[in-house]
Amino acid sequence: MKIRRVTALAFSFVTLLLAAPLIAQDSPFLARVSFEAGGLLVQGQQEVEWAHATTNSVVLPGDILWAEEGEISEVELYGGSFLAIADQSKAEFVSLQPSPRIKAWVGSFYVQRLDRSSGVFDVETPAGRISIGAGSIVRVDVEEDGYTSVIMRAGQAEVRAHTGARSVVRARERIFV
């Protein structure tokens, strides 16, 4: 009787352990590091120290990522959105779903949204907010003084400067904020 109970408990534990990556993959409340080259750091919302983030590390709301010099990394978000982070770039994941919101402090970022993406993907910079629609690819460069450039590769985005100015940027267009 005791052996059956231990066997059932062990089977349940192994099943849960094997299913955990599948559950996490479909969770709308987290993201994962889908690529990194060894120099990606993460600081959790309640953490003081930085830690190395590796491929498949979970990214939660409130986490800050810093790509060290020479680092290129990518974060996959639930629903078909990807954020590529270039070296010397810092981004905070303010919220993940239903509409992701990233605060880009400094550096270069590519956002790719598949056609099946839902909601709006917002990138906040010191100069304003970029709202990126589904089926879009956009590059956002944020200088140390907050000066921001937005280059649309595909799709469209709405750019709202903190001064109140609004513009729609379409494929093969560039705007400075």
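Source: prediction; values computed, not measured.

Overview of the overall build of the chain
Now for step 1: Looking only at helices and strands, one finds one helix and 16 strands in the chain.
Now for step 2: Counting every position in the chain, which comprises 177 residues, the buried fraction comes to 40%.
Now for step 3: Intrachain contacts of the chain at a sequence separation of at least 6 include 42% that bridge at least 24 residues.

Things to note about the nonpolar core
Now for step 1: The biggest cluster of nonpolar side chains holds 32 residues, and the ones touching the most others in it are Leu65, Val75, Phe93, Val123, Ile130 and Ile132.
Now for step 2: If you tally residues by element for this core, the top one is strand β9 (residues 101-113), at four residues.
Now for step 3: Contact partners of Val75, with chain neighbours within four places excluded, come to Ala31, Arg32, Val33, Ser34, Val59, Leu65, Ser81, Phe82, Leu83, Ile85 and Phe93.

Structural notes on the packing of aromatic side chains
Now for step 1: In total, this model carries one aromatic pair according to the counting rule given.
Now for step 2: Measuring from ring centre to ring centre gives 6.0 Å for Tyr147 and Phe176, while their planes differ by 15°; the resulting arrangement is stacked. In this pair, Tyr147 sits in the loop between β12 (137-142) and β13 (148-154) while Phe176 sits in strand β16 (residues 174-176), placing the two residues 29 residues apart along the sequence.
Now for step 3: For Tyr147, a relative accessible area of 41% puts it in the partly exposed group.

With respect to the pairing of β13
Now for step 1: With respect to burial, β13 is a largely interior element, five of its seven residues being buried.
Now for step 2: Sheet topology places β12 next to β13; six bridges connect them, and they run antiparallel. Across the sheet, Val142 pairs through a bridge with Thr148, a residue of β13.
Now for step 3: Remark: five residues form the turn of the hairpin made by β12 and β13, two consecutive strands paired antiparallel; Gly146 in that turn has positive phi of roughly 95°.
Now for step 4: In terms of strand pairing, β13 meets β16 through three bridges, oriented antiparallel.

Side note on the pattern of salt bridges
Now for step 1: All chains considered together, the criterion is met by seven salt bridges.
Now for step 2: Residues Arg32 and Glu76 are paired through a salt bridge, measuring 2.9 Å at the closest nitrogen-oxygen approach. You can see Arg32 sitting in strand β1 (residues 31-35) and its partner Glu76 sitting in strand β6 (residues 73-77), a full 44 residues away along the chain.
Now for step 3: We classify Arg32 as partly exposed; its relative accessible area is 27%.
Now for step 4: Taking the shortest distance from any N to any O, the salt bridge between Glu158 and Arg166 comes out at 3.2 Å.

Notes on the pairing of strand β14 (residues 156-161)
Now for step 1: Burial along β14 is one-sided: Ala157, Val159 and Ala161 are buried, and none of Gln156, Glu158 and Arg160, which face the opposite way, are.
Now for step 2: Taken together, the five bridges between strand β11 (residues 128-132) and β14 define a ladder with antiparallel strand orientation. Bridge pairing links Arg129 to Arg160 in β14.

Some points on unusual backbone geometry
Now for step 1: Here Gln97 and Pro98 are connected by a cis peptide whose omega angle stands at 10°.
Now for step 2: In this fold, Pro98 is placed in the loop between β8 (89-95) and β9.
Now for step 3: Within the chain, Asn56 stands out as a residue other than glycine whose phi angle is a positive 75°.

With respect to the environment of Gln45
Now for step 1: Structurally, Gln45 can be placed in the loop between β2 (40-43) and β3 (51-52).
Now for step 2: Along the primary structure Gln45 and Phe93 are separated by 48 residues, whereas in three dimensions their C-alpha atoms are 9.8 Å apart.
Now for step 3: Among residues more than four places away in sequence, those in contact with Gln45 are Pro61, Gly62 and Asp63.

The rules behind the values
- Residues numbered from 1 in each chain as written.
- Predicted model: local features only at pLDDT ≥ 70, side-chain atom pairs only at ≥ 80, totals over all residues.
- Heavy atoms only, no water.
- Helix = DSSP H or I, 4+ residues; strand = E, 2+ residues; numbered from the N terminus.
- Buried < 20%, exposed > 50% of the residue type's maximum accessible area, 1.4 Å probe, protein only.
- Contact = heavy atoms within 4.5 Å.
- Core = buried A, V, L, I, M, F, W, Y, C linked by side-chain atoms within 4.5 Å.
- Phe/Tyr/Trp six-rings, centres within 6.5 Å; stacked < 30°, edge-to-face > 60°.
- Pairing = 2+ DSSP bridges.
- Salt bridge = Lys/Arg side-chain N within 4 Å of Asp/Glu carboxyl O.

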